Amino acid sequence: MEDHLKAGRSFSESEVKELAKSLLEILIYLHKQEPPVIHRDIKPSNILLHSRSGHSVGQVYLVDFGSVQNQAAKFGGTITVVGTYGYMAPEQFGGRSVPASDLYGLGSTLIYLVTGLHPTELAQQDLKIQFAARITHLNPNLVDWLEWMTEPSLSKRLSSAEEALRCLKNPSSIDKKSIALQPQGSDIKLTKNSEFIEIIFPPPGVGFGLIALFSTAVAATAILWGNFDYNKPFTNSEINLLILVMIAESLSVAVAVMFLFALFRKLRFRIDRQQISYSSHLLGLRWNNSKAAPRPDICQLEIEEIKSLMPDNNSSDIFWESQALREPYSRSFR
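Quick notes on the rules
- Residues numbered from 1 in each chain as written.
- Predicted model: local features only at pLDDT ≥ 70, side-chain atom pairs only at ≥ 80, totals over all residues.
- Heavy atoms only, no water.
- Helix = DSSP H or I, 4+ residues; strand = E, 2+ residues; numbered from the N terminus.
- Buried < 20%, exposed > 50% of the residue type's maximum accessible area, 1.4 Å probe, protein only.
- Contact = heavy atoms within 4.5 Å.
- Phe/Tyr/Trp six-rings, centres within 6.5 Å; stacked < 30°, edge-to-face > 60°.
- Axes fitted to C-alpha atoms, helices over the stretch in contact; angles between N-to-C directions.
- Parallel < 35°, antiparallel > 145°, perpendicular 65-115°, else oblique.
- Left-handed = near helix turned anticlockwise from the far one by under 90°.
- Nonpolar A, V, L, I, M, F, W, Y, C, P; charged D, E, K, R; others polar.
- Salt bridge = Lys/Arg side-chain N within 4 Å of Asp/Glu carboxyl O.
- pLDDT = per-residue confidence, 0-100.
- Core = buried A, V, L, I, M, F, W, Y, C linked by side-chain atoms within 4.5 Å.
- Pairing = 2+ DSSP bridges.

1. A word on the overall build of the protein
Move 1: Within the protein one finds eight helices and 12 strands.
Move 2: Across the 334 residues that make up the protein, the buried fraction comes to 39%.
Move 3: For the protein, long-range pairs separated by at least 24 residues make up 55% of all intrachain contacts whose partners lie at least 6 apart in sequence.

2. With respect to the packing of aromatic side chains
Move 1: Under the defined criterion, the tally for this structure stands at two aromatic pairs.
Move 2: Measuring from ring centre to ring centre gives 6.2 Å for tyrosine 85 and phenylalanine 93, while their planes differ by 75 degrees; the resulting arrangement is edge-to-face.
Move 3: Given the relative accessible area of 58%, tyrosine 85 is considered exposed.
Move 4: On the basis of an interplanar angle of 45 degrees and a centroid distance of 5.8 Å, the ring pair of phenylalanine 261 and tryptophan 287 is categorised as tilted. Of the two residues, phenylalanine 261 is situated in helix H8 (residues 236-264) and tryptophan 287 in strand S10 (residues 285-294); the sequence distance between them amounts to 26 residues.
Move 5: Exposure remark for tryptophan 287: the relative accessible area of 31% places this residue in the partly exposed category.

3. Details of helix H6 (residues 161-169)
Move 1: If you check which residues of H6 are buried, you get Ala161, Glu163, Ala164, Leu165, Cys167 and Leu168.
Move 2: Among the structural elements, helix H2 (13-31), helix H4 (99-115) and helix H5 (140-149) are those in contact with the buried residues of H6.

4. Here we look at the packing of H2 against H4
Move 1: For the pair H2 and H4, interaxial distance at closest approach is 11 Å and the crossing angle is 165 degrees. Comparing their axes, H4 and H2 come out roughly antiparallel. In this structure, the crossing between H2 and H4 has a hand that is right-handed. Contacts between H2 and H4 pair Val16, Leu19, Ala20, Leu23, Leu24, Leu27 and His31 from the former with Pro99, Asp102, Leu103, Leu106, Leu110, Leu113 and Val114 from the latter.

5. Thoughts on the packing of H5 against H6
Move 1: At their nearest, the axes of H5 and H6 sit 10 Å apart, and the two run at 165 degrees to each other. Taken together, the axes of H5 and H6 lie roughly antiparallel to each other. Crossing hand, H5 versus H6: right-handed. Mapping the contact onto sequence places Leu142, Trp145, Trp148 and Met149 in H5 and Glu163, Ala164, Cys167 and Leu168 in H6.
Move 2: Of the residues assigned to the contact of H5 with H6, the class counts are seven nonpolar, no polar and one charged.

6. Observations regarding the pattern of salt bridges
Move 1: All chains considered together, the criterion is met by seven salt bridges.
Move 2: The residue arginine 157 makes a salt bridge to glutamate 91 at a minimum N-O spacing of 2.9 Å. Of this pair, arginine 157 sits in the loop between H5 and H6 while glutamate 91 sits in the loop between helix H3 (66-74) and H4, placing them 66 residues apart in sequence. Judged on exposure class, the residue arginine 157 and its partner glutamate 91 are both buried.

7. Some details on the environment of lysine 291
Move 1: Here lysine 291 is to be found in strand S10.
Move 2: Residues lysine 291 and serine 279, 12 residues apart in the sequence, show an inter-C-alpha distance of 9.0 Å.

8. Overview of the confidence of the model for the protein
Any region with low pLDDT has predicted coordinates that should not be read closely.
Move 1: Residues with a pLDDT of 70 or more make up 72% of the protein, whose mean pLDDT is 77.
Move 2: Confidence over residues 69-77 falls short of pLDDT 50; this stretch has six contacts with residues more than four positions distant or in other chains.
Move 3: Across residues 305-334, where pLDDT falls below 50, the model places 79 contacts with residues more than four positions away in sequence or in other chains.

9. Examining the nonpolar core
Move 1: Leu19, Leu24, Leu27, Ile47, Leu110 and Trp145 are the most contacted members of the largest nonpolar core, which totals 45 residues.
Move 2: If you look at the next biggest cluster of nonpolar residues, it comprises seven residues, including Leu267, Ile271, Ile276 and Tyr278.

10. Here we look at the pairing of strand S1 (residues 47-50)
Move 1: Where burial is concerned, the two faces of S1 differ: the one with Ile47 and Leu49 is buried and the one with Leu48 and His50 is not.
Move 2: As paired strands, S1 and strand S2 (residues 59-62) are joined by four bridges and run antiparallel to one another. Counted as the bridge partner of leucine 48 is tyrosine 61 from S2.

11. Some points on the environment of isoleucine 211
Move 1: Looking at the element boundaries, isoleucine 211 is found in helix H7 (residues 208-226).
Move 2: Between the C-alpha atoms of isoleucine 211 and phenylalanine 259, which are 48 residues apart in sequence, the distance is 8.5 Å.
Move 3: Ignoring sequence-local partners within four residues, the contact set of isoleucine 211 consists of Val206 and Phe259.

What follows is the structure in structure tokens.
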């Protein structure tokens, strides 16, 4: 398979899944042996493809068990470090190999297939391979599965080939339950799962300043209309009065809209696999406060506190800048 990759061969999502299923079935057989046979060095050069036709990867073979077995015999069952950098699970650097170590190697291999980059060419954060931003065309379920396969921590990684195959065939078995959090004493809600992080800011509510402004506008409109005589011909003074009435009414409408915003508008800040967005929601209507931007282009987030008309309430506006506008670094968010 390594020759295919070096030649620029690309693999479709269906081919990647087919390859993963074939290799997992091989691992299920190996890991069920007594004692379990752990390959420890799964990588493209140790995977052979034969009789490929159409959109099928054909027959899949996992090879090169000899060096591991020979080293195990040579050192009386003690293996120091066996594997290839980029495909080795973190525990293998300490000389420890378990069945889940093979899952890490398989996951890293598949990441190479879908990104076209060797795992060592991809950034890491806390030993976790950062590849999701490069494969936005893939089904999120497959991305989740690959992330699960390559979890640096054994306790968080898929534990067996059977479990990995089951989750690949049935993505609903992947735990994507949303975690809803709400700070104590706050109406701000945070929802987080494997697909997105979302923060909802509640309506700020109506304060004394807005009530006073609305009352003044309504009172002014009523007084001006009361002084207007419909039965007399329009004079310059009455035309001026009519203009004042229209201004007062416009102010009343504007303040009424502010009332709606204060009572019902919610702000939603969302980060998902593809982009970061910031939008307003009011009585079923939705509009973007800022243009949604692809995640790799985001280099900085700023939260600016803005004093509203209500002295006891604050609102927050969130802005971001694109990589083209701000250098020299970029930052991705997860």
